[in-house]
Amino acid sequence: MKVQLKMKAPLLHVESVAQPISGTVTDEAGAPLPGATVIVKGTTKGTTTDADGKFVIDADAGAMLEISFVGYAAKEVPVNAQSSIVVKLIPDLSQLNEVVVVGYGTQKRSDITGAISSINSESFNRGVVTNPGELLQGKLAGVSIAANSGEPGAAQDIIIRGIGSLRSGTQPLYVVDGFLLDNSATGVPTNPLNFINPNDIESIDVLKDASATAVYGSRASNGVVVITTKKGKGKPQMTLSASTAISSIANKIKVFDADAFRREVVATGGTLQDFGANTDWQDELTQRGVSNTINLSMSGASSENFSYFTSVGYQDQEGILKNSRLKRYSGKLNLNQKAFNGRFNIDYNLTASRTENLRPDIISTMSDMLNLNPTIPPYTNGQPTLLNTNALNPLARYDLFSDKAISNRILANISPSIEILDGLTYKLNFGVDYSATNRNQQYKPFPAVINESDISNGVLDAAVSANTNQLVENTLTYNWNRDVHSVTLLAGHSFQKFLDETRITTYRGFANNNIEPIYQDHTSTTVFPTAVNSEAIQNELQSFFGRVNYVYADKYMFTGTFRADGSSKFGQNNRYGYFPSFALGWNISNEDFLKNSFFNNLKLRASWGQTGNQEIPSKITKASYLEQRLQTGAGSVSTYPVDTDATALEGYPYGIIFTRLANPDLKWEVSTQVDLGIDFTVFNSRLSGTLDYFNKKSSNILLEVVPIDPVEPTSTYWTNIPDMEIHNDGLELTLNYNSDPKRDFSYRIGGNLTYIRNKVQNSPYAVLATGAAQGSGQSGATINGYINNQPLGAFYMYQFDGINPDNGQNAFRDTNGDGVILDNDRLVVGSAIPKLIYGYNLNFKYKAFDLGLNFNGVAGNKVYNHTTMTLFNRAQLAKSNNTTDFAIQYPDEELSNANVVSTRYLENGSFLRLNNATLAYNLNLTGKKLQNAFQRVSLTLTGQNLFVISNYSGFDPEVNTGSASGGIQTFGIDRFTYPRARTFLLGLNVTF
């Protein structure tokens, strides 16, 4: 048998050679799409289409091209050895596949059942921005953001769907790249989020209703703000942005000039002190602030398995008051690595920053700016004029006083995940947020001022604080999809530990040698003893949570969430709180009967849920004691001697007394919310909108109260107020219209409107003060508070009816008709909380030019002008202190008339502001040699706070600088507020 073997010819391996591929990208009608992105899939090769929609790229015959354009569905096209390709993109009309960040995961926009508002970096507010809140102001319905003052990096009142608690303030929970921040103070009275470089933020999602927030349980009663920083994608690129800005005071208060001052002092019967000058102290004590910002970022994906984003940033913002400055040095590193065919994934996020705050003595400076005699020359013989022995020239204060804080903060978390089985993924989230702040407030000795010891002898308050926030979370997520069914299950455990440490040391009495007290001898002496105050607070939070999302046929949706939170802040009997939520959604536009309607998208949503509040003082459920001993003098404390015959202090040993009683039954505050919403897009998705009705009720209100029984071992105690509730309900409307983006001229118009009603119900107290007056003869007088069946922040005071012509004193309305003016004649005369919050934006594009205008405003609120009450009266004018014409509006008013809290100082707080306007020019690089070096070059000119329409007489109606009363946050009080600035910024942005 003969066997014949046939040998196969050897296979020749021919390496694929990249060839130039030309192509055209068009829209659905065949019109070219300039600026579309074309990438060779799996590589870093990429380009963009020119003005005619054409492109040329080198690619292998078997390569796949990825083509994308904003507003259109991305498309993958195989080369298949073609040398010329025409690609038609279809509009992504509804954007329903947009991914939205929710608690512990993401969802498609079309599957969302909760109330979530989202904004990306392209829509952020522009200009000199120091924290995430400034990016959002006026942008989102249901979200009120008000800066407390015009100071660089000032704190903000961020209110999402109304105020729901007495004690926890208004701050929402912030989640940065999956890490839950703590809202504890960082040692400086400015915004704790100043450490985040806004340039590193990709998007912000605000979770508003209980369905969206309940997965965060006890920390979500004020809403949740989810911040996602930028990640690497596409081909490697570098982006450099730089800007310079100039700021000046936006609005001056019209105090008297020197001539008017001389005339009015004499007219009031005062003694004129005329020093011969004509000084505008508002000009002397403010400056043109210069701000510089530079950011450099590098990002990309070297393959499908690895991506990176890294950046460094520097911001130097000068305030409009001298010695007012904020500097931030920031670094950011985000990495993603995949292995085992994508089943094993690690995300790593690191934010590091150093923030330097320099602050003036704001209250003293503002008082001098408005009240100083305008005839005093600012300088005499080249030196600040010495006013008298009891007053310090504020120009000298700038040299003597400093308040400098340096904060270093690191936020880092690593999140490895592994797909154990198809659809089942385990994820660990481990991270730490650590900040340390050194703050030194000091006065150099100035013996010429003899009646203020701290100034004449010098003083130093040295504060050291450190906050540590550790987080460990474990989650299991299971995704199951079969035919028309889609199910996502989430189960998780979270443990978070907080440690806040503070030490404040006060030193007094320093040598007058022009050396700052911080660098002098700090030895304690008998005359000037050193005082030390220190504390450490530790808390823990353990949580178990779960969520189920079910979608049937892309039409019907259900979301159920449950979280159990245990907090060390609560007693043994009620340590855990339980927070459920349920939501339904119906994509009506996917029903057959709406397939050919003018609705591109129509969805109904309904949700109910509960969240909690654990942002209360630590240890309040535990007993506390104070060690006391009899002393001589005014500080004596009554104690009982062990030896009844004792005649010396040694016979009176240390005693223990209660300062707080134990209360293991203290319960969680609970916020219950109902939401009904509708989302829609019409006219080929040119017009989109959202309408929501919400109703939020807070119960089990926590408060420190005075015992009804006078025979108690402590003066106050903590309790849940029986039956007391805080109600918020309202409507939110968002509308956006987009013209055809392919035309030379295109535009976008958008706006949002929120109407909100709120009130306190079943309160057993006449008034729980949220704001009280300060100053000589004024301290403690209630300005506003929580009053039964009245709006939150209700102003509660006398109704001013002018000046009594018989005695020249205040005339107040006798509201109860008993013939005398007493406390029971006070009444509610308005609220500090706006009833209406709105914002709108106009964006126009013509070829290479872009113009964006962003407006925001509020209506239906009042502002109490505490500055006017303190400074602008006839008695001040008679003493040769400056005022406005407010002081002389009643010629018959006596100099002895008191400044009583009343509607005389209450003003309308409504306003409309042009928040920012930006004109951008994008250089056309097509066909130029620069195209190979640069992907994008743009120049921008931005104006901030360009104008405000308001009847308010102070610097600005957006203000809150009052003092909290009894630990309850204050609202709507203007007391010596740092003025807001008007800013012009020139910026350059280059991507290469």
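Fair warning: this is a prediction, and the values are worked out from it, not measured in the lab.

Turning next to the overall build of the protein. When its secondary structure is counted, the protein shows 9 helices and 53 strands. In terms of overall size, the protein behaves like a compact globule, its C-alpha atoms giving a radius of gyration of 32 Å where 992 residues would be expected to give roughly 30 Å. Seen through its principal axes, the protein has C-alpha atoms that stretch 135 × 70 × 65 Å. Within the protein, the fraction of its 992 residues that count as buried is 50%. Of the contacts formed within the protein by residues at least 6 apart in sequence, a portion of 70% connects residues at least 24 apart. Of the roughly 45,200 Å² of accessible surface on the protein, a fraction of 54% belongs to carbon and sulfur atoms. Averaging the positions of the 81 positive and the 90 negative side-chain charges in the protein gives two centres separated by 9 Å.

This next bit is on the packing of aromatic side chains. A ring pair, where both rings are aromatic, is described by two values, the distance of the centres and the angle of the planes. If you walk through the whole model with that rule in mind, you get 24 aromatic pairs. Here the aromatic rings of Phe401 and Tyr443 are separated by 5.0 Å at their centres, their planes lie at 55°, and the arrangement is tilted. Taken together, the residues Phe401 in strand β24 (residues 401–421) and Tyr443 in strand β25 (residues 424–443) connect sequence positions 42 residues apart. For the pair formed by Phe401 and Tyr443, the shared burial category is buried. A ring pair is formed by Phe800 and Phe812, whose centres lie 6.3 Å apart and whose planes are at 65°; its orientation type is edge-to-face. Of the two residues, Phe800 is situated in strand β43 (residues 800–803) and Phe812 in strand β44 (residues 810–812); the sequence distance between them amounts to 12 residues. Given the relative accessible area of 16%, Phe812 is considered buried. Feature note: the residues Tyr737, Phe745, Tyr747 and Phe844 constitute an aromatic cluster, connected by ring pairs. Between the NZ or CZ atom of Arg409 and the centre of the ring of Phe195, over which it lies, the distance is 3.9 Å.

Let us look at the sheet that holds strand β3 (residues 46–48). Taken in spatial order, the 4 strands of this open sheet run β3-β2-β5-β6, and their pairing is antiparallel. Pairing within the sheet leaves two strands with one partner each, and these edge strands are β3 and β6 (75–78). On average, each strand axis in the sheet is tilted by 20° relative to the strand beside it, whichever way the strands run.

Counting buried residues along helix α5 (residues 362–371), 8 of its 10 residues qualify, which places the element largely inside the surrounding structure. Buried positions along α5 lie against α4 (281–284), β21 (344–359), α6 (394–400), α8 (866–871) and α9 (874–878).

Pairing in this open sheet of 4 strands is antiparallel, and the strands run β40-β41-β42-β45 from one edge to the other. Each edge of the sheet is formed by a strand with only one pairing partner; in this case those strands are β40 (768–772) and β45 (827–831). Geometrically, the sheet is characterised by an average inter-axis angle of 40° between neighbouring strands, direction not taken into account. Bridge count between strand β41 (residues 782–786) and strand β42 (residues 794–797): 2 bridges; the pairing is antiparallel. Considered in β42, the bridge of Gly785 is made with Ala794.

Here the focus is empty space enclosed by the protein. Within the structure shown, the criterion is met by 13 cavities of 30 Å³ or more. Empty space within the largest cavity amounts to approximately 510 Å³. Lining the largest cavity are 32 residues, and of these Val128, Glu134, Gln317, Gln944 and Arg980 sit closest to its centre. Broken down by secondary-structure element, the contributors of at least two residues to the lining of the largest cavity are β11 (143–147), β19 (306–318), β50 (911–922), β51 (936–949) and β53 (981–991). The element that contributes the greatest number of residues to the lining of the largest cavity is β11, accounting for 3 residues. Residue classes in the lining of the largest cavity are distributed as 11 nonpolar, 15 polar and 6 charged. Taken as a whole, the second largest cavity spans an internal volume of roughly 340 Å³. Along its surface, the second largest cavity is lined by 29 residues, and Ser144, Ala146, Pro834, Val858 and Glu958 are the ones closest to its centre. For the lining of the second largest cavity, the secondary-structure elements that each account for two or more residues are β11, β12 (156–160), β46 (836–846) and β47 (849–859). At 5 residues, the largest contribution of residues to the lining of the second largest cavity is made by β11. For the lining of the second largest cavity, the per-class residue count stands at 17 nonpolar, 10 polar and 2 charged.

A separate point is the nonpolar core. Within the largest apolar cluster, 51 residues are counted, with the highest numbers of intra-cluster contacts made by Leu166, Ile783, Tyr786, Phe795 and Tyr864. Going through the elements one at a time, α5, α6, β36 (702–705), β41, β42 and α8 are the ones with two or more residues in this core. When residues in this core are grouped by element, the largest group, 4 residues, is from α5. Leu166 has contacts with Ile701, Leu702, Leu703, Met724, Ile726, Leu768, Tyr786, Ile968 and Gln969, leaving out every residue within four places of it along the chain. In terms of nonpolar packing, the next biggest core, distinct from the first, is built from 42 residues, Ile201, Tyr216, Val226 and Leu471 among them.

Per the counting criterion, the structure on display carries 36 salt bridges. Among the ionic pairs, Arg508 bridges to Asp454, the shortest N-O distance being 2.9 Å. Of the two residues, Arg508 sits in strand β27 (residues 485–508) while Asp454 sits in helix α7 (residues 453–457), which places them 54 residues apart along the sequence. With a closest N to O distance of 3.0 Å, Asp692 and Arg605 form a salt bridge. With a gap of 87 residues between them, Asp692 in strand β35 (residues 687–699) and Arg605 in strand β31 (residues 599–613) connect regions that are remote in the sequence. The pair formed by Asp692 and Arg605 is uniform in burial state, with each residue classed as buried. Each member of the salt-bridge network shares a partner with another, and the members are Arg161, Lys208, Arg605, Asp675, Asp679, Asp692 and Glu732.

Turning our attention to the side chain of Glu151. Tracing the sequence through the fold places Glu151 in the loop between β11 and β12. Looking at Glu151, the relative accessible area reads 7%, which means it is buried. Glu151 has contacts with Thr190, Arg359, Ile362 and Tyr978, leaving out every residue within four places of it along the chain.

Let's shift gears to the pairing of β53. Sheet topology places strand β17 (residues 237–249) next to β53; 11 bridges connect them, and they run antiparallel. In the strand pairing of β53, Thr239 is matched with Thr991. By the bridge criterion, 9 bridges tie β51 to β53 in an arrangement that is antiparallel. Within β53, the position partnered with Leu941 by the bridge is Leu986.

With that out of the way, let us pick up unusual backbone geometry. Of note, Asn514 is a non-glycine position whose phi angle comes to about 65°, a positive value. Its location among the elements puts Asn514 in the loop between β27 and β28 (531–552). Among the residues examined, Asn514 registers a relative accessible area of 63% and is labelled exposed. The backbone phi angle of Ser685 is positive, close to 65°, even though this residue is not glycine. Along the polypeptide, Ser685 turns up in the loop between β34 (669–682) and β35.

Attention shifts here to helix α3 (residues 258–267). Inspection of α3 places Ala258, Ala260, Phe261, Glu264 and Val265 among the buried residues, and these make up the whole buried set. Down the axis of α3, the buried set is contained in an arc of 150°. They therefore lie on one face. Opposite its buried face, α3 presents the exposed residues Asp259, Arg263, Val266 and Ala267, each directed more than 90 degrees away.

Bridge count between β25 and strand β26 (residues 459–482): 20 bridges; the pairing is antiparallel. In the sheet register, Arg439 faces β26, and the bridge partner there is Ala463. Between β26 and β27, which follow one another and run antiparallel, lie 2 residues, and Asp483 among them has a positive phi close to 50°.

As for its position among the elements, Asp60 is in the loop between β4 (54–59) and β5 (64–68). Residue classification places Asp60 among the partly exposed residues on the basis of a relative accessible area of 31%. Spatially, the C-alpha atom of Asp60 lies 7.6 Å from that of Val79, the residues being 19 residues apart in sequence.

Mapped onto the secondary structure, Thr991 falls in strand β53. The exposure class of Thr991 is buried, given its relative accessible area of 9%. Polar side-chain contacts of Thr991 include one of 3.3 Å to the side chain of Thr239. In this structure Thr991 touches Gln237, Met238, Thr239, Phe934, Gln935 and Arg936, once residues within four positions along its chain are discounted.

Criteria and cut-off values
Residues numbered from 1 in each chain as written. Predicted model: local features only at pLDDT ≥ 70, side-chain atom pairs only at ≥ 80, totals over all residues. Heavy atoms only, no water. Helix = DSSP H or I, 4+ residues; strand = E, 2+ residues; numbered from the N terminus. Rg over C-alpha atoms; globule rule 2.2 N^0.38 Å. Buried < 20%, exposed > 50% of the residue type's maximum accessible area, 1.4 Å probe, protein only. Contact = heavy atoms within 4.5 Å. Areas by Shrake-Rupley, 256 points an atom, 1.4 Å probe, with all protein chains shown as cover. Lys, Arg positive; Asp, Glu negative; His and termini not counted. Charge placed at Lys NZ, Arg CZ, Asp CG, Glu CD. Phe/Tyr/Trp six-rings, centres within 6.5 Å; stacked < 30°, edge-to-face > 60°. Lys NZ or Arg CZ within 6 Å of the ring centre and 35° of its normal. Pairing = 2+ DSSP bridges. Axes fitted to C-alpha atoms, helices over the stretch in contact; angles between N-to-C directions. 1 Å grid on protein atoms, 1.4 Å probe; cavity = no way out; pocket = protein on both sides within 12 Å on 5 of 7 lines; lining within 4 Å. Points joined across faces, edges and corners; volume = space filled by probe spheres on them. Nonpolar A, V, L, I, M, F, W, Y, C, P; charged D, E, K, R; others polar. Core = buried A, V, L, I, M, F, W, Y, C linked by side-chain atoms within 4.5 Å. Salt bridge = Lys/Arg side-chain N within 4 Å of Asp/Glu carboxyl O. Arc of directions from axis to C-beta. Polar contact = N/O pair within 3.5 Å; in protein donor to acceptor, adjacent residues only side chain to side chain.

The values are spatial; any link to function lies outside them.
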